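Residues per chain are reported as follows:
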Amino acid sequence: MKLILHTDNYGYETSWLIEDVDSEELYNQSSTTYSSNQLYIEELCLDPATCYIFTILDSYGDGIISPGYYEIYYNDNLIRPASAFAGSSESTTLPCGLN
């Protein structure tokens, strides 16, 4: 999985996590503080036979504001096109068995 994240003016509010479909948390990126208005590329090796849920979080609750955005690729397929989001969180289910 590849996450492309461009933080907004409040990068330190942004974090994300990955859970399996049984809500078992597998990755939690809350320990790293992102800088504001920066581009980050995070790559993780995930088992393609397992179903995952990616959740991006904003601690203030206003989401990532444009020009900030995030997008997700899974096994080289665009799963979530680049855009901002509103609110405290947004989840994307990654396809199961996508090779």
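All figures in this text were calculated on a predicted structure; none of them were measured in a lab.

1. Focus on the sheet that holds strand β7 (residues 77-83)
Across the sheet, which stays open at both edges, the 4 strands sit in the order β4-β1-β6-β7 with antiparallel pairing between neighbours. Each edge of the open sheet carries a strand with a single partner, namely β4 (39-43) and β7. Direction aside, the axes of adjacent strands within the sheet are offset by 10° on average.

2. Remarks on the nonpolar core
In this structure, Met 1, Leu 3, Phe 54, Ile 56 and Tyr 70 are the most contacted members of the largest nonpolar core, which totals 16 residues. Setting aside residues up to four positions removed in sequence, Met 1 forms contacts with Ile 18, Glu 42, Glu 43, Leu 44, Leu 46, Phe 54, Ile 72, Tyr 73, Tyr 74 and Leu 94.

3. Focus on the state of the cysteines
Here a disulfide denotes one covalent bond, and it connects the sulfur atoms of two cysteines. Throughout the structure, instances matching the rule amount to 1 disulfide. In this model, Cys 51 is linked to Cys 96 through a disulfide, with the two sulfur atoms separated by 1.4 Å. The chirality of the disulfide connecting Cys 51 with Cys 96 is right-handed, given an S-S dihedral of about 130°. Of the two residues, Cys 51 is situated in the loop between β4 and β5 (52-58) and Cys 96 in the segment after β8 (89-94); the sequence distance between them amounts to 45 residues. Unpaired in this structure, Cys 45 has its nearest cysteine sulfur neighbour in Cys 51, at a distance of 16 Å. Overall, the relative accessible area of 73% leaves Cys 45 in the exposed class.

The rules we used
- Residues numbered from 1 in each chain as written.
- Predicted model: local features only at pLDDT ≥ 70, side-chain atom pairs only at ≥ 80, totals over all residues.
- Heavy atoms only, no water.
- Pairing = 2+ DSSP bridges.
- Helix = DSSP H or I, 4+ residues; strand = E, 2+ residues; numbered from the N terminus.
- Axes fitted to C-alpha atoms, helices over the stretch in contact; angles between N-to-C directions.
- Core = buried A, V, L, I, M, F, W, Y, C linked by side-chain atoms within 4.5 Å.
- Buried < 20%, exposed > 50% of the residue type's maximum accessible area, 1.4 Å probe, protein only.
- Contact = heavy atoms within 4.5 Å.
- Disulfide = S-S within 2.5 Å.

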